[in-house]
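Reading the structure
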Amino acid sequence: MRTPSSKHPTSPGGGWVKLHRKLLEWEWYGDAHMVHLLVHLLLTATHEDRKYKGLTIKRGQLVTTIENLANALGTSKTSTWRRLKRLENGMVVEIKVEHGETLVTI
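Report on the accompanying structure.

Cut-off values and rules
- Residues numbered from 1 in each chain as written.
- Predicted model: local features only at pLDDT ≥ 70, side-chain atom pairs only at ≥ 80, totals over all residues.
- Heavy atoms only, no water.
- Core = buried A, V, L, I, M, F, W, Y, C linked by side-chain atoms within 4.5 Å.
- Buried < 20%, exposed > 50% of the residue type's maximum accessible area, 1.4 Å probe, protein only.
- Helix = DSSP H or I, 4+ residues; strand = E, 2+ residues; numbered from the N terminus.
- Contact = heavy atoms within 4.5 Å.
- Expected span 1.5 Å × (residues − 1).
- Arc of directions from axis to C-beta.

1. Structural notes on the nonpolar core
Membership of the largest hydrophobic core comes to 17 residues, with the highest contact counts inside it found for Trp26, Leu37, Leu41, Leu84, Leu87 and Val93. When residues in this core are grouped by element, the largest group, 5 residues, is from helix H1 (residues 32-44). For Trp26, the contacting residues outside a window of four places in its chain are Met34, Val35, Leu38, Leu87 and Val92.

2. Notes on helix H3 (residues 77-89)
Here H3 is 13 residues long and its end C-alpha atoms lie 18 Å apart, about the 18 Å a rise of 1.5 Å per residue gives. Every buried residue belonging to H3 is among Ser79, Thr80, Arg83, Leu84 and Leu87, and all of these are buried. Burial along H3 is one-sided: seen end-on, the buried residues are contained in an arc of 130 degrees. Seen from the buried face of H3, the exposed residues on the opposite side, beyond 90 degrees, are Thr78 and Asn89. Looking at the buried positions of H3, the neighbouring elements they touch are H1, helix H2 (66-73), strand E4 (94-98) and strand E5 (101-105). Trailing H3 by a residue or two, Met91 shows a phi angle of about 60 degrees, which is positive.

Encoded structure:
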């Protein structure tokens, strides 16, 4: 599994991420891949506004590609995209795809 580099402009850096116990009641909690994706997004989202390629990446957002997500999670691109869309349909995240990169807002 790939570890995010703290040198990348949209990397999370250090700090804590708190999870509420209500996550145990989430409809997708029984799907380990969905939980893995959600936790990965939480851990890699920026905790402060940053500039990246002329864009302002706000707190709670990350810029990635489906390929990078799939590689980090050890899943296929198709599976990763399908699960990301489930998170979007469940209003957990918003997705915006431009120029091959995906902006994910949690």
